[in-house]
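# Summary of structural features
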Amino acid sequence: MIYLLGNYEQAVIAFLGVLFAFAVTCIAIAKLNRFLPKDMGRQYAHDGALSAGKPRGAGIIFVLVFVAAALLFGKMNREIFFYLILIVVEMFTGFFDDAADKPWGEYLKGFLDLVVAVVAALVFLHYNTSEITFALTGTVVTIPPVVFAFLTVILVWASINVTNCSDGVDGLSGTLTIITLMTIFVLDNLLQITDNFNYCILLFSVCLLGYLWYNATPSKLLMGDAGSRAMGIFIAIAVLKLHSPFLYLLVAAVLIVDGGLGLIKVSLLRFLKIHILKNVVTPIHDHVRKKMGWSNAQVVFRFAIIQIVISLAVIYLVMM
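Notes on the structure in this doc start here. (Residues numbered from 1 in each chain as written. Predicted model: local features only at pLDDT ≥ 70, side-chain atom pairs only at ≥ 80, totals over all residues. Heavy atoms only, no water.)

## Digging into the nonpolar core
Grouped together as the largest cluster of nonpolar side chains are 88 residues, with contacts concentrated most on Phe 66, Phe 197, Tyr 211, Phe 234 and Phe 303. With 12 residues, the single largest contributor to this core is helix α7 (residues 197–215). Apart from the residues lying within four places of it in its own chain, the contact partners of Tyr 211 are Thr 25, Ile 29, Ala 58, Phe 62, Leu 221, Leu 222 and Met 223. (Core = buried A, V, L, I, M, F, W, Y, C linked by side-chain atoms within 4.5 Å. Buried < 20%, exposed > 50% of the residue type's maximum accessible area, 1.4 Å probe, protein only. Helix = DSSP H or I, 4+ residues; strand = E, 2+ residues; numbered from the N terminus. Contact = heavy atoms within 4.5 Å.)

## Topic: the pairing of strand β2 (residues 139–142)
In the sheet, strand β1 (residues 131–134) pairs with β2 via 4 bridges, with the strands oriented antiparallel. Bridge pairing in β2 links Thr 133 to Val 140. Hairpin geometry of β1 and β2 is characterised by an intervening segment of 4 residues between the two adjacent antiparallel strands and by a positive phi of about 85 degrees at Gly 138. (Pairing = 2+ DSSP bridges.)

## Regarding the packing of aromatic side chains
Tallied over the entire structure, the rule returns 15 aromatic pairs. Between the aromatic rings of Phe 20 and Phe 73, the centroid separation amounts to 5.2 Å while the plane-to-plane angle is 50 degrees, which identifies the pairing as tilted. Of this pair, Phe 20 sits in helix α1 (residues 7–32) while Phe 73 is found in helix α2 (residues 59–73), placing the two residues 53 residues apart along the sequence. Aromatic pair Phe 62 and Phe 204: ring centres 6.3 Å apart, planes at 85 degrees, arrangement edge-to-face. Here Phe 62, found in helix α2, pairs with Phe 204, found in helix α7; they are 142 residues apart in sequence, far enough to count as distant. Assigned by exposure class, Phe 62 and Phe 204 land together as buried. Here the aromatic cluster, defined as three or more aromatic residues joined through ring pairs, consists of Phe 62, Phe 66, Tyr 83, Phe 197, Phe 204, Tyr 211 and Phe 234. Directly above the ring of Trp 294 sits Arg 302, whose terminal nitrogen or CZ lies 4.7 Å from the centroid. (Phe/Tyr/Trp six-rings, centres within 6.5 Å; stacked < 30°, edge-to-face > 60°. Lys NZ or Arg CZ within 6 Å of the ring centre and 35° of its normal.)

As structure tokens, then:
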């Protein structure tokens, strides 16, 4: 029915959808957080024991509110519907891990992420071309679909796990994700990409803001893998719909450095017996807290400032 409305009516509906997403997220978290599993403390994280006893897995709340808002107020098509399913699947794999008495193994979670990444690549290629735009130069390159699919799988899998690894300081991963998504939203408009997924970016961001209302230092609850993994796949899809996937390296630069260095360090040590960054604690947010004495608030603000500066520079370059 929303398709039959005029532009003004659609704008009003979209405005109400944003308010709905934020308000319902806040109310749902306030009412339902007592039903969430409790965090057992992160053994290897700096001050991880301080999280013990807090409700964990709040991602299931804000992700489901986002999906409901998208279905009620967004312009749906089959492609977006499939993406919503993948986001929910990734959210549930994280939530079941959050709720498990014994955490799922890294290999099982990695394999499930890989399956989701493969499906995401196939869905994207079914509804889109294999063209890549280098936004900073305007160059358009068409690459073989098989190569595009392979690179897409890497992007989605990496985004899920990088975002998950960055979740260790109250408000950090959520704040960085919002900055990343808002950067993509602005770039969508600068590059004149008319796609119904743009509105989903707004809805997801305001749902995250509703969660951050309770997660700001000192936090009352944690998003868990249910939230961080859903955020990761959402960022990947948003970048893909931008049709400039290499911009991920810039618009999510702080997330990549914070969570990605730990993945590289552990992978090289485990599989190739190569030990790098011996004096660096990973994720980087643990290093700056443990080695440099930053408070949680300083980590969030300074990491956010760095990403905002990078994002503004990217936006300016694209404008030129």
